[in-house]
Amino acid sequence: QSKCAASSIENTNAISDDYDEENRNGDNDRYDDLRKQVASLQEKHGHDRENLSSVEQIYKEILIELETLRRKIHDLEEKRTFISQKREECQEFLIAAAEMC
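Residues numbered from 1 in each chain as written. Predicted model: local features only at pLDDT ≥ 70, side-chain atom pairs only at ≥ 80, totals over all residues. Heavy atoms only, no water.

Caption draft 1: Summary view of the overall build of the protein chain. A tally of regular secondary structure across the protein chain gives 1 helix and 0 strands. Of all 101 residues assigned to the protein chain, the portion counted as buried reaches 0%. Surface accessibility of the protein chain: about 9700 Å² in total, with carbon and sulfur atoms responsible for 56%. (Helix = DSSP H or I, 4+ residues; strand = E, 2+ residues; numbered from the N terminus. Buried < 20%, exposed > 50% of the residue type's maximum accessible area, 1.4 Å probe, protein only. Areas by Shrake-Rupley, 256 points an atom, 1.4 Å probe, with all protein chains shown as cover.)

This is the structure we're talking about:
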């Protein structure tokens, strides 16, 4: 019986050692997978930061262009008002000149 018990204990220890080794390998695999995922996410984060910077720069350029266009529109509206006033003055002059003749 003691030989059987010793053999049984040795088998149990061997199975336990195999199980521990498999778990360690499984843990290492999971750790490697997680490391790869983290590295991938960090790389993606870096690309996203670059893209965000690019979008922010484009946004600033758009705001500058909008302000430039707003000022041009304002200047054109003032010129249109000035031209309309001068046209009315010319029409009044022509009417007055026609009445004198």
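Let's pick the thread back up.
Caption draft 2: The arrangement of the pattern of salt bridges in detail. Enumeration according to the criterion identifies 5 salt bridges in this entry. The partner of Arg35 in a salt bridge is Asp32, and the shortest N-O contact between them spans 3.4 Å. With a gap of 3 residues between them, Arg35 and Asp32 both fall in helix 1 (residues 2–100), about one helical turn apart. According to the relative accessible area criterion, Asp32 is partly exposed, its value standing at 31%. Where Lys86 meets Glu89, a salt bridge forms, and the shortest distance between an N and an O atom there is 3.4 Å. Note that Lys86 and Glu89 are positioned in helix 1 at a spacing of 3 residues, about one turn of the helix. Relative accessible area serves as the criterion here: at 44%, Glu89 is assigned to the partly exposed category. Among the ionic contacts, a cluster of salt bridges with common partners joins Glu67, Arg70 and Arg71. (Salt bridge = Lys/Arg side-chain N within 4 Å of Asp/Glu carboxyl O.)

Caption draft 3: Region of the structure containing a nonpolar patch on the surface. On the surface, Ile58, Tyr59, Ile62, Leu63 and Leu66 cluster together into a nonpolar patch covering about 480 Å² of accessible area. Tracing the chain through its elements places Leu63 in helix 1. (Patch = residues over 30% accessible without salt bridge, like charges linked within 9 Å, V, L, I, M, F, W, Y side chains within 5 Å.)

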